[in-house]
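Chains, contacts and geometry: an overview
The primary structure of each chain is shown beneath.
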Amino acid sequence: MTTFTEETRVRAREIIARYPADRSRSALLPLLHLVQAEEGYVSPAGVAFCAEVLGLNKAQVGAVATFYTMYKRRPTGDYLVSVCTNTMCNVLGGQEVYDTLVEHLGVGHDETTADGKITLEHAECLAACDYGPVMTVNYDFFDGVDPQGAVGVVDELRAGGRPMPTRGARLCTLKEMAVQLAGFADERDGAVADGGPGEATLRGLRLAEQHGITAPGYDPKTPIRSKAEADRAAAEAKAKAEAAKAPAPAAPAAKPEQVTGSTAPDVKAPDDKSPQVRTAETRQPDAATAVPDAPGTRVPADGTPPASRDAQAAQAAGVAANAPAGDGKPAGDEAGAQERNLKEAEAETGAAGAGSAVASETGAQK
């Protein structure tokens, strides 16, 4: 069980103090970097430490620590070497770089060399497609690498050197990097004196300068508004929005249209009816009775149900007024004609049946 140093505990209290008293849980991410800075990974003891200082349970801390890949769950080397093998870098040779390092170091993905110096991993994307294929060492970039160049970088690291990244400051160990990710300055002499931007990044700045494009001015010291000020500003904005939605005064009557002699065809004016009115008229074409969902219509509330006798009488009156057609025939057919046609059809069927019987008997005799 790791016992964290007093310096780590002091830094933990400093991290927690950055957040409001009722939002201390937000300090969990930098605290996980802090314990990784001491142990080189987030151990079960580190999870318990974060849970203790934040008043959480270990399951809550573990859920966060296992979600982000920057938190390592087992001992990691001094230098985390990540090679991008995603589409763009892969096309440019990233997989070949990774395979060469696997063979040269004798380790695979997320494995550490025997001397504890290098942990190798393949990364899905390092967000630097315009510099591919790329490799990072403790998240500092080496752009446009090839297999031989990657081998040279790891050999120099194992020999105790610190090769200069293509972009960014000089390299540091993973533990030193974790201190910075926890929110503390890098105290090494000249830690931020080296490095520079990449050519692809400068290209955008040069184009902006060439075309006179600049960011709008702002005051970085502008104070953050209090909640009361923010609420007041929101109320004023809401009042302005409502005023803008108010109906505009009626426009003056249009003057009679003058004859211009144009030969263009007349165009029908657009229908200015609301969709609700149009739907109501479609359901009730004569518009004599508004449908329940028509604008301005109030749906009546359920009242006392009618007596059963009244309901039966109403139903009988409706049936009498709308006599159904019999036998599925259309209403209005003449009954006499139907009976006459039916008798004729039966007679023809009988005659045909008798003829068939005679023919069958004759055939049997033959």
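Here the structure is a predicted model, which means the values were calculated and not measured.

1. So, a negative patch on the surface
Negative charge collects at one region of the surface, where Glu96, Asp99, Glu103 and Asp146 lie side by side. Among the secondary structure elements, aspartate 99 is positioned in helix H6 (residues 94-105). When its relative accessible area of 41% is taken as the criterion, aspartate 99 is described as partly exposed.

2. A closer look at the sheet that holds strand E3 (residues 118-123)
The pairing of strands in a sheet happens through backbone hydrogen bonds and is either parallel or antiparallel. Judged by pairing direction, the sheet is mixed, and its five strands sit side by side in the order E2-E3-E1-E4-E5 without closing on themselves. Two strands close off the open sheet at either side, each with one partner strand: strand E2 (111-112) and strand E5 (140-142).

3. A few points about the confidence of the model for the chain
Per-residue confidence for the chain gives a mean pLDDT of 79, with 70% of residues at or over 70. Low confidence marks residues 328-332, where pLDDT is under 50. Its contacts with residues over four positions away, or in another chain, come to three contacts. Counting contacts from residues 357-366, a segment whose pLDDT is below 50, to residues more than four positions away or on other chains yields zero contacts.

4. Notes on the pairing of strand E1 (residues 79-84)
By the criterion of burial, E1 is predominantly enclosed, with six of the six residues buried. Relative to strand E4 (residues 135-137), E1 is paired through three bridges, and the arrangement is antiparallel. From the neighbouring strand, valine 83 faces E4, where its bridge partner is methionine 135.

5. Section: the pairing of E3
Across the six residues that make up E3, a large majority, five, are buried. Where E2 meets E3, two bridges bridge the pair, whose relative direction is antiparallel. Note that in E3 the partner of glutamate 111 across the bridge is leucine 120. Connecting E2 to the next strand, E3, in antiparallel fashion are five residues, including glycine 116 with a positive phi near 75°.

Definitions and limits used
- Residues numbered from 1 in each chain as written.
- Predicted model: local features only at pLDDT ≥ 70, side-chain atom pairs only at ≥ 80, totals over all residues.
- Heavy atoms only, no water.
- Patch = residues over 30% accessible without salt bridge, like charges linked within 9 Å, V, L, I, M, F, W, Y side chains within 5 Å.
- Areas by Shrake-Rupley, 256 points an atom, 1.4 Å probe, with all protein chains shown as cover.
- Salt bridge = Lys/Arg side-chain N within 4 Å of Asp/Glu carboxyl O.
- Lys, Arg positive; Asp, Glu negative; His and termini not counted.
- Charge placed at Lys NZ, Arg CZ, Asp CG, Glu CD.
- Helix = DSSP H or I, 4+ residues; strand = E, 2+ residues; numbered from the N terminus.
- Buried < 20%, exposed > 50% of the residue type's maximum accessible area, 1.4 Å probe, protein only.
- Pairing = 2+ DSSP bridges.
- pLDDT = per-residue confidence, 0-100.
- Contact = heavy atoms within 4.5 Å.

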